[in-house]
Structure formats: structure tokens, C-alpha cells
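What the coordinates show
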Amino acid sequence: MKTRNLIYIVLLPLLFTTCKPVVDDFTPSSGSADFTSFVAIGNSLTAGYAAGALYKSGQEVSFARIIAQQMAYAGGNGQFKIPLMPTEDGVGIAEVTETGMVLRTKLVLGYSKDCLGETSLGPVPANPDPDQQKLFTELTTSVAAQGPFNNVAVPGIKVTHLFAPGLGMMNPFYGRFATDPVNDRLIDEPAKVNPTFFSFWIGNNDVLDYAASGGLLPLTPVDGGIGTGFQASYEAALEIIMKVVSKGIVANIPDVTSIPFFTTVPYNAIVLTNQDDVDLLNQAYAPYNQLMEVNKLPYRINWELGPNPMVIWDKDMPLPQPFAQYKFRQAKEGELILLTVPQDSLKCARWGTAKPIPDVYSLTETEIGNIKTATDQFNAIIKENADANGLAFIDVNALLNKLKSQGIMQDGVFFTAAFVTGNFFSEDGIHMSPQGNAMVANFFIQAINTKYNANIPQVSVTDYSPLILP
Amino acid sequence: MKKIIFFLGAVFLATTVMAGGYQVRLQGNKQTGFGLVGTPMVYGASSNFYNPGSLSFMKKKWDFDLGASFILSSVAFQKSESNYQAESDNPVSTPFYFYGAFKINKLITVGLGVYTPYGSSAVWNDDWAGRLLIQNISLSAIFIQPTISFNINDKLGIGAGFVYAIGNISLRKALNYSGDSYVDLEGKASNIGFNVGLYWQALDNLSFGIDYRSAIKMSVTDGDATFSIPTALQGTLPPSNKFDAELPLPANLDFGVAFNATDKLTFALEVDWVMWSAYDTLSFKFKEKGELLNSDNPRLYKDTFIPRLGIEYKVSDLIHVRGGFYYDPTPTNADYFSPETVSLNNIAYTLGLSIMPVEGLSIDISWLQLFGQKADKNYSPDNFGGTYKNTAIVPGLGISYSF
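Predicted model, so just to flag it, every value in this text is computed and none were measured.

About the cut-offs
Residues numbered from 1 in each chain as written. Chains lettered and ligands numbered in written order. Predicted model: local features only at pLDDT ≥ 70, side-chain atom pairs only at ≥ 80, totals over all residues. Heavy atoms only, no water. Helix = DSSP H or I, 4+ residues; strand = E, 2+ residues; numbered from the N terminus. Rg over C-alpha atoms; globule rule 2.2 N^0.38 Å. Buried < 20%, exposed > 50% of the residue type's maximum accessible area, 1.4 Å probe, protein only. Contact = heavy atoms within 4.5 Å. Areas by Shrake-Rupley, 256 points an atom, 1.4 Å probe, with all protein chains shown as cover. Lys, Arg positive; Asp, Glu negative; His and termini not counted. Charge placed at Lys NZ, Arg CZ, Asp CG, Glu CD. Buried area = accessible area lost by both parts, 1.4 Å probe. Salt bridge = Lys/Arg side-chain N within 4 Å of Asp/Glu carboxyl O. Polar contact = N/O pair within 3.5 Å; in protein donor to acceptor, adjacent residues only side chain to side chain. Nonpolar A, V, L, I, M, F, W, Y, C, P; charged D, E, K, R; others polar. Patch = residues over 30% accessible without salt bridge, like charges linked within 9 Å, V, L, I, M, F, W, Y side chains within 5 Å. Core = buried A, V, L, I, M, F, W, Y, C linked by side-chain atoms within 4.5 Å. Pairing = 2+ DSSP bridges. Disulfide = S-S within 2.5 Å. Axes fitted to C-alpha atoms, helices over the stretch in contact; angles between N-to-C directions. Parallel < 35°, antiparallel > 145°, perpendicular 65-115°, else oblique. Left-handed = near helix turned anticlockwise from the far one by under 90°.

1. Considering the overall build of chain B
Across its full length, chain B holds five helices and 21 strands. Whereas a compact globule of 403 residues would reach a radius of gyration of roughly 22 Å, chain B reaches 22 Å, a difference of no more than 12%. Over its C-alpha atoms, taken along the principal directions, chain B stretches across nearly 70 × 40 × 40 Å. Residues counted as buried form 59% of the 403 residues belonging to chain B. Within chain B, counting contacts between residues at least 6 apart in sequence, those at least 24 apart form 69% of the total. Summed over all atoms, the accessible surface of chain B reaches about 15500 Å², with 63% contributed by carbon and sulfur. Positive and negative side-chain charges of chain B, numbering 30 and 35 respectively, have mean locations separated by a distance of 5 Å.

2. Here we look at the environment of A438(A)
Residue and element names in this part refer to chain A. Mapped onto the secondary structure, A438 falls in helix α16 (residues 434-452). Taking the relative accessible area as the measure of exposure, A438 reaches 0% and is therefore buried. Put simply, A438 and D463 are 25 residues apart on the chain and 8.5 Å apart in space, counted from C-alpha to C-alpha. Excluding anything up to four places from it in sequence, A438 contacts I66, V459, V461 and Y464.

3. Side note on the interface of chain A and chain B
Between chain A and chain B, the residue contacts involve 39 residues of the former and 42 residues of the latter. Here chain A meets chain B over a buried area of about 3300 Å², counting both sides, of which 56% is carbon and sulfur. The interface formed by chain A and chain B includes three salt bridges. The tally of links from chain A across to chain B stands at 19 residue pairs in polar contact (both at pLDDT 80 or more). Where the side of chain A that touches chain B is concerned, the elements lending two or more residues are α1 (2-15) and β15 (408-410) of chain A. It is α1(A) that provides the largest number of residues to the side of chain A that touches chain B, a total of six residues. Partitioned by chemical class, the residues of the side of chain A that touches chain B number 24 nonpolar, 10 polar and five charged.

4. A word on a negative patch on the surface
Judged by side-chain charge, D463(A), D126(B), D127(B) and D180(B) come together as a negatively charged surface patch. Relative to the elements of secondary structure, D180(B) occurs in the loop between β7 (156-174) and β8 (182-203). Given a relative accessible area of 68%, D180(B) falls into the exposed group.

5. Some thoughts on the nonpolar core
Membership of the largest hydrophobic core comes to 109 residues, with the highest contact counts inside it found for L162(A), F198(A), F200(A), W201(A), Y234(A) and F262(A). Top contributing element to this core by residue count: α16(A), with nine residues. If you look at the next biggest cluster of nonpolar residues, it comprises 73 residues, including F49(B), A86(B), L139(B) and L370(B).

6. A look at the pattern of salt bridges
Opposite charge on two side chains allows them to pair when their charged atoms are near. Residues and elements named next belong to chain A. Evaluation of the coordinates by the stated rule reveals 31 salt bridges over all chains. Salt-bridge contacts for K372 lead to D255; the nearest nitrogen and oxygen are separated by 2.6 Å. You can see K372 sitting in helix α14 (residues 365-388) and its partner D255 sitting in the loop between β7 (248-251) and α10 (260-263), a full 117 residues away along the chain. For K372, a relative accessible area of 36% puts it in the partly exposed group. For D255, a relative accessible area of 11% puts it in the buried group. Between K332 and E365 there is a salt bridge whose closest N-O contact spans 2.8 Å. Taken together, the positions of K332 in the loop between β11 (328-330) and β12 (336-337) and E365 in helix α14 put the pair 33 residues apart, joining distant regions of the chain. By relative accessible area, which is 36% here, K332 ends up partly exposed. For E365, a relative accessible area of 45% gives the class partly exposed.

7. Comments concerning the pairing of strand β14 (residues 281-286) of chain B
Residues and elements named next belong to chain B. The pairing of strand β11 (residues 240-249) with β14 spans three bridges and is classified as antiparallel. Each bridged residue has a counterpart across the sheet, and for F243 the counterpart in β14 is F286. Both β14 and strand β15 (residues 295-298) contribute to a ladder of four bridges, which runs antiparallel. Opposite L282, over in β15, you have N297 as the bridge partner.

8. What to know about the state of the cysteines
All names here are of chain A. What the rule picks out here adds up to one disulfide over all chains. Residue C115 pairs covalently with C348 via a disulfide, S to S 1.9 Å. The sign of the 90 degrees torsion about the S-S bond sets the C115-C348 disulfide as right-handed. Of this pair, C115 sits in the loop between β4 (107-113) and β5 (119-125) while C348 is found in helix α13 (residues 343-348), placing the two residues 233 residues apart along the sequence. Overall, the relative accessible area of 36% leaves C115 in the partly exposed class. According to the relative accessible area criterion, C348 is partly exposed, its value standing at 37%.

9. Examining the pairing of strand β17 (residues 319-328) of chain B
Residue and element names in this part refer to chain B. Counted residue by residue, β17 has eight buried out of 10 residues, so it is predominantly covered. Pairing analysis gives seven bridges linking strand β16 (residues 304-314) to β17, with the strands arranged antiparallel. Along β17, the bridge assignment pairs Y313 with V321. With antiparallel pairing between neighbouring strands as the criterion, β16 and β17 make up a hairpin whose turn holds four residues. Alignment of β17 against strand β18 (residues 346-355), held across 10 bridges, turns out to be antiparallel. Paired with V321 across the bridge in β18 is L353.

10. A word on the side chain of K79(B)
By the element assignment, K79(B) lies in strand β2 (residues 72-79). Apart from residues no more than four positions distant in its own chain, K79(B) is found in contact with D411(A), V459(A), S460(A), Y84(B), A129(B), F384(B), G385(B) and G386(B).

11. Overview of the environment of A40(A)
All names here are of chain A. Take A40: it is sitting in strand β1 (residues 38-42). The sequence separation of A40 and S29 amounts to 11 residues, and the corresponding C-alpha distance is 20 Å. Among residues more than four places away in sequence, those in contact with A40 are T46, A64, F80, N150, N151, V152, A153 and S199.

12. Let's talk about the packing of helix α4 (residues 63-71) of chain A against α16(A)
All names here are of chain A. Axis separation between α4 and α16 bottoms out at 8 Å; the angle between their running directions is 50 degrees. Here α4 is positioned oblique relative to α16, judged by the angle of their axes. For α4 against α16, the interelement crossing comes out right-handed. On α16, the residues that touch F63, I66, I67, Q70 and M71 of α4 are N437, A438, V440, A441, F444, I445 and I448. Class assignment of the residues belonging to the contact of α4 with α16 gives a composition of 10 nonpolar, two polar and no charged.

13. Section: the side chain of N308(A)
All names here are of chain A. With respect to the element layout, N308 can be found in strand β9 (residues 306-308). Here the side chain of N308 touches E304 through a polar contact of 2.7 Å, landing on its backbone oxygen. Reaching out from N308, the side chain makes a polar contact with the backbone oxygen of G306 at a distance of 2.9 Å. Those residues in contact with N308 that sit more than four places away from it in its chain are Y267, N268, A269, I270, L272, N302, W303 and Q330.

Following this line, the structure appears as C-alpha cells:
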């Protein structure tokens, strides 16, 4: 009898041990906000444009979509309608070339052969020779019937475009989801989903258009009326949004000169290894140096063995009118060459040495100064408006600076502002990668949680794809 | 005999984290049921491990002890600031032991132990959020220890064992490249150490034991590193590479006291000092592309002290029952806590039963249940953290025979 009791005692634990450990300590909450219906307003960054195109799976991992998915745990209705593109190759913003407008697919990492016959890994078009008609159809086929949409971000737009009736006729990325592309204004889109919360991240293109054109296209001026000046347009936009929805988050704009599109090609990429080449170039530029000396201008072009600064066109050089054709000089340290500079022209057509690099591919000191000034001014306006409207605010500029200066680690993924290896940017060096979008989504969520005392769960960046390597 | 071979074959598996860090003290089923207290006890041949000093106090001329434990464990995880949950799916692991001892004369007893005092295994889902830190890992070590023990007088025994340790490590970490990239690291190591103990029968009903087991550095040389990565990277990172790494198996100093309250009832207390501070950094050095691949991964473990309590009641000559309890604090650093070794503050109770159907034969059954205390931990170099909790149940079975 005694023995049997003991056996029971020994076996007793079996009864309550099969339960496995569980940790479930996270309680989602909307705090003082209401995430029932979320609307995202912005440009290509919010739209999920990446790798040089708007494409389906890119749109599906936009930071805005990720936030919406996470909001669903904290009261969101789980509905986040996106004007999805029909394909994975997508369509990029039209490029103007000598022969007219060209539409391109997204970029992928792949191999290409340069003019010297050397193969290298880099961004190449997913479809190198796409059917233009097909891309045009994909870009312009209306999906308005599937609306209204929660992601009303439109690639390419500036803050001043928000009020333009007929924007849909000029910008097919809006035209394809606008109910009436001829008359609708983008700023009226958010109201259509009866939003309870919004994100508003705009202003990037007001600087980027200037920067990505090497300073040829204009910066949006601070002053001027609605649709012209940054300040009036930004204020008016928020005013209209706030009439519909009183809680949301706004983001400022990063200093675009920190992004890989501008930082990947070094200013001194001309490496001379042969003294004859050095001598020839110095001879060729001797008249230029003489001219500068005569005109008492500080510019000189000198060549030596090793890395040399590229020769760039600089429209802002203060040369007297008769010498306008000499407005070129060697780039200075800190000046930027754009990622789009044709590599074959550098390697085989003597760009940067015998031929100055066209202005459209470089940012000079002056242009960089203009960009920084505009960025600071726009960001001051954004912050002021965020505070005045009592909105959550995310300092994307600080985030990018941190990426550039020290990098940000999340879940074992090390994000930096470097091209491809930095994980943050996509194949175009401008827009975020899927993991970059996840990281940005987490920063937005943190800012929303802090401001509204909410508890939206963050995502694991490892749930999103790294850049696809061949 | 065939059965025994099968048994040994089945146990060449990793053992799951059981004690703090990657130590496993399940080296005798009598001791396991007794709160894993062994130092102040005379438990026959298993004293090879627990205290070579008490080995010479065994009563018969020959003593053999063979057994294993079956660790069923799992870890639950919730990522910080997130509702993301994961659970490790750990394989059943089976630390085992075999001991033999022979009393040459009243003074000298010799013994041999083969046991598995260190090991760890964790298997996380391939797509889990921490896969860039660890996907799965298995550490195992087998110690082979010849021992000599001297019965100085009726009261005092001292003993020493030479330890030859062989170990295996294999782990898989995902890499942040497309196409489910990962690296497999596999290596073997061996080294030597020692185990010395002293046993003092102070009074008829009071005994003390002290045991020191040396630290052993397990150095993997030319382990195999296999990188499964996109073709584009294979020029930069050779798919097949070799690596060196070093993992310390920490020293232990155990001190125990046992008191026989009555002829039938024994209480024992033990404190184990585990010198985990030896585990400072886990470094990997690669033969090729070391400039890209070498890594120093801080672990910053600290020493721990484990208090243990054991109670034994001799119901009859046929049956002894045991119980025990211990608290095993984590040696890990809260900011350098890697999911490869989920070691929390553990509270455990144990139960044991020995059945002695015939003279000299003992069938030893043990039961251990462990509750890892929920805690927030972070691996700051990778900025990956969350709340961890673990549990384990460990049934064990052993058989000993003396004659």
C-alpha cells in the first residue's frame, strides 16, 4: 500500500508537465488614437516604389502597408487598399531621352558587360528591352474602380502637386487610380476612405528633382502661394487633411545627398596608371589653364598618376560671356557624381578626362549647398506644422544621418546608407528595399506609439526580403 | 549486450541546455533524484564524476552504473516591442553515463567514467526572426575519466581523475542574402582536464564532500564551414572554408554536506560554484577571407553559485525515495544573451526512486522538472531581444550493480 502511494507521487508530475512555455506579454493598443482606417499620403517612398519602378510586390512591402498590417493588431480594420500594378517588372517614371520618352521596368541585380568587355555585377533592367506599348498600357490602365484606396501616394509628386486639378493627366501614377483624372485633386483622395489615422511624408521630390537632375530642374521655392511655394502648400495640405482626420504622423525629408544615388560614384574615379596618359592630358589642358590664369580665375586642371578628380561641366562658373564654352573644371572633394552617369562613357568615351561630364550627372558644391539649405528650410516647415497640429513626427533626416554615420542594427541586419551592401536602399539607390521599408515602418510605429501612447507591434526586418542576388 | 550497444549508440546526441549555460549535471540517476547533489554522498561508481574522494567508500568490490536522461525541453520567445512569438523545437536529448569501479584493496579503488557533462541544443524554425543569430545548434561533449581514489582512513577519502574530453559542435546561422542563405559550421575538439575530490565522514551521520573539476578549453581547429550563398557572392566568400573556434567548459567547485537525521532519512545541501566567467567571447577565425568573416562575439558570462537540497528516505531495503530542489541562476549577461543558449534563472525540483529487487542491483528512476524564469534579454551586437521562457522535463533511468 505504501509503495503504491509512492509510485503515485512519483508519477504525479506527469499530469501537469506537458504544457509548453508560452510568452504572450504584448498587449496591442491604439492608445489615444484610432487606427480603424489608415490612409497614407506621399510620394514614391510611401507608394512602395523601389528599384526604379512601381511594381506589385514592392507596393506590397511599402512601409505604409506594413504599418497598416501592424495597426490591424491595434484596432485597424485590416483594409489597406493599394492601387497595385499588374506585374512584377513594374513601370518606372518615364525617362526623357533624345529620342523621346522611354518607359523602363524595375532594376534587378545582374551581370552586364561594359565597353571593355568586362562583366560586372550591378543593377540592370529586369527587362532590358521592354515593349513600350505594353508598359504604357500597364501604367495607364485605370484601377479606379477598385478604389477608394488607402495608399494614395503617387511617385514623382511634390507638395505643390497635391492641389493641381488634372494631376492625373500629367502623372499617370495618379491618373491610373484617380476617379476623374481630368479634374480630381490628389489632396482630396484621403477623405474617400473615411480615415481615422494618416501618414504624410512629402517634400522629397521638391528637393530630389533638382538634385537628381544635377541641379538643372528647379527646387520648390519656400515662398509663393498654394501650388507654388513649399510653406503655403504644406500648410494647406495639412489643413485639408486635418479636416478629415485629426490624428496622424508626418515625416520630414532626408538630406538626399546622403543616399547611394549620389554617394556611390567617387568624385575622383579617374585612375591614371600611365605617365604618357598623364602628360597627354596635361598638354591638352594647358590652354585651359592659361585662359584661367589670364582671366584671373582660380580654376586649373592638372593630372597625376593615381586617382584624379573628374572634369565636370559647371554652369555656375563665373566666366565672362565669350568663354561660356569653358564652364568646366575638375570636381572638388565632396562634390557628387550621380549613379546614373554612363559607366561606358567614363570607361571608353573619355568622359571625365577629355570630355567634361554633363552637368546633369553631377552636383557641385553650390548645388549641394542649395540642397542642404532647401532641406533645412522644408524640414523646419514640416516640424512646425507637425507641432502646430499636434501630430506625431518622425525625423527621417536624423535616421538617414545615423545610417550614414554609424549604421543601424536590427535583428542582425546591419543597415547603412551604402549602395546594395547597406541593405537599406533598393537597386535604384534612392528608394528603400523591402527590409529598408520594414525598418522605416518600425520607426514610424515607434513615433506613433510614443505620441499616442499606443502599442502597435513592430515587425521583424528579417521577415522581409534582402536584395536578390543572382 | 546488444541492448547496451544500442543504448550507447542512441545517446551520441546533443544534450539540451539543462544547467546554466551549456552544463548538464545529469550524471547519475540517484543524484538526479536527489536534487543533483552528489559531492557529500557515497553513491557507488557514479562518484567517479560527483566526487572521486568518496569512490573508495563503496562497499563492494565491483560497482557498475549505467544510465541516461531524456530531456524534453522547449523555449518560448516573444520579440521585444512586438507580438511576434517563436518556440524552439528542440530534439529530445539524452545525456548518458557509464561508470565502473573496482576496489583493489581497502586503501585503493580505481574507476572509470564515461559521461556527458556539457551540451546544448536548440532548433529554431528556419524562418524565425532570430535566424541571423542562430537557426540551430548542437554542442556535445563526452568525458572519459579514469579515476583513482584512496581511503586514507575510515573517515577520509581523496580521489583524482584524469579527464579526456571530446566534443562536437555544429550550428547553422542564416545569412542576410537572398535565396535562404546560411552557413553551417561543424567541428570537433578534444582536450584534457582533471577531477579531484575529498570526502570526509566527519561523524557517523554527517559527511562532507568537496570536488573540483577543472576547466577544459575545447578548441576546434580546421572545422568545416559551408556557405550556402548566391552565386554572385561565391567569388568573395568561398563556399567551403575552414574555421577555428574555442569554447570553454568551465571549472566547477562543489561543496556539499549530508546529514542522516535517522537511519532512514538523509538531508543534503550542496553549493556548486560554476566558473562561467571563463566564457567571455566566442571567436571564429576563418582560414580564407578572414578579413571578412572573422568574428568576436561577446558572451560575458559570469560565475554562478547553485544551491541544492536533497532528501532521501529509505522506505525499506527494497525501495529508496528521493526528492530535491535547486536554483540555478543564469550565467549569461542580459545584453549579450544569444538565443543559441537560452539559459535563464532556473528553478527545478527532482524526484527519485531506487528499487533494489536483489542484493547489489538497483534500478534508479529519476524525474526532474525545470522552470526557467521568464526574462527580457537582448543580444545587443545584433539588436535582437525579447522575452524568453523555458521549461524542461527530464525522466531518467539508470541501473547499477555491485558485487
